[in-house]
Amino acid sequence: MSTTQVTPALSGTTRLYAIIGDPIAQVGSPRLFNAAFRARGIDAVLVAMHVAPSDLGGMIANFRAIKNFDGLIVTVPHKIQVTGLIDRLGGNAARLGAVNTIRKLPDGGLLGDNFDGTGFVRGLAARGIELAGKKVLVIGAGGAGCAVVNAIADQRAAQIGVFDVDQKRCHELIRSVRLHVPSVHIEACDPVAAGFDVIVNCTSVGMKHGDPLPVDISGLDAQTVVADIILKPVRTPLLEAAARLGCITHEGPAMLEGQVDAVMDFFFPTSP
């Protein structure tokens, strides 16, 4: 067996990290972050924990109580709810009202921030896909959608359309983006992809067998980029349908991979 595949021995000095979500089987963080710990020579391990929304408060209380439990990654559906359970929000989290990473501070307080938008933009950039000047449609205005929409606005997209079944949440996101990036043209729209250069699914539609497509993609050409943030399945029905139309497709794991370094620097701000 290759030495790069061997999990280092755990001991009483190993620091604990976790990713929490509901469901949890789809997450890729344990593989990526345990590899990052090894690459940086850090004695730590990250595991997945299945936490229902009704148990989130208890989970955070346990996180506070366990002295060698140093950090959390937060995934669906907890990113918004958890903001009210921690002590401080970093810049992105305060702007978005959603947290995807939490660090325990030396005084025991909890600091949360959000790197989903960073990861999404970096993932696209790694493939040479730029958002400046593009017309972008985002489906979903939840925690991840909020981060992605704000990151797209920061990249100076020409136009952003947002759809969410929760119209109130959709319009709250639009108002927030206009406040922070007043120059951006952003509006609520129907889940119809025609006329956009980039389509992004930020919902969980496509995770379950038999899910419908989250957006009508009929009539798109091969210049359209269709992205999904779902991790499992990697090739969602949306991406498969877009590929059949000849579109450029962008898979969900790229957003996670694009934020690993930023999250590691957040977890270990003084590490070399």
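Residues numbered from 1 in each chain as written. Predicted model: local features only at pLDDT ≥ 70, side-chain atom pairs only at ≥ 80, totals over all residues. Heavy atoms only, no water.

Things to note about helix α1 (residues 29–39)
How we decide: Here's how the labels work: a residue is buried when its accessible area is under 20% of the maximum for its type, exposed when over 50%, partly exposed in between, all with a 1.4 Å probe on protein chains only. Strands here mean DSSP runs of E at least two residues long; helices mean DSSP runs of H or I at least four residues long; both are numbered from the N terminus.
Of all the residues in α1, the buried ones are Ser 29, Pro 30, Leu 32, Phe 33, Asn 34, Ala 36 and Phe 37. Immediately downstream of α1, the backbone of Gly 41 shows phi near 70°, a positive value.

Thoughts on the sheet that holds strand β6 (residues 110–113)
We count it as follows: A pair of strands is treated as paired once DSSP finds two or more bridges between them. Any two residues whose heavy atoms approach within 4.5 Å at even a single point are treated as in contact. Each axis is a line fitted through C-alpha atoms, taken for helices only over the stretch in contact, and angles between the N-to-C directions span 0 to 180 degrees.
With mixed pairing, six strands are arranged side by side in an open sheet as β2-β1-β3-β5-β6-β4. What marks the edges here is a single partner per strand, and that holds for β2 (44–50) and β4 (88–89). Judged from the two bridges that link them, β4 and β6 form a sheet pairing that is parallel. Across the sheet, residue Arg 88 finds its bridge partner in β6, namely Leu 111. On top of the sheet, α1 reaches β1 (15–21), β2 and β3 (69–74); it is set at about 170° to β2, its chief contact. Packing against the sheet, helix α8 (residues 253–267) makes contact with β1, β3, β5 (101–104) and β6, and its axis sits at approximately 20° to β5.

With respect to the packing of helix α4 (residues 116–125) against helix α5 (residues 143–154)
Definition in use: An angle counts as roughly parallel when it lies under 35 degrees, as roughly antiparallel when it exceeds 145, as roughly perpendicular when it falls between 65 and 115, and as oblique in every other case. If you view the pair so one helix is near and one far, a crossing is left-handed when the near helix is turned anticlockwise from the far one by less than a right angle, and right-handed when it is turned clockwise. Just so you know the grouping, Ala, Val, Leu, Ile, Met, Phe, Trp, Tyr, Cys and Pro go in nonpolar, Asp, Glu, Lys and Arg go in charged, and all remaining residues, Gly too, go in polar.
For the pair α4 and α5, the least separation of the axes is 7 Å and the interaxial angle reads 55°. In terms of their interaxial angle, α4 and α5 are classed as oblique. Crossing of α4 against α5: the hand is right-handed. For the pair formed by α4 and α5, the contact residues are Asp 116, Gly 117, Phe 120 and Val 121 on the first element and Ala 144, Ala 147, Val 148, Ala 151 and Ile 152 on the second. Counted by class, the contact of α4 with α5 contains seven nonpolar, one polar and one charged residues.

Considering the side chain of Gln 159
Structurally, the position occupied by Gln 159 is in strand β8 (residues 159–163). The class for Gln 159 is buried, based on a relative accessible area of 16%. Non-local contacts of Gln 159, meaning those with residues more than four positions away in its chain, are made with Lys 134, Lys 135, Val 136, His 185, Glu 187 and Phe 196.

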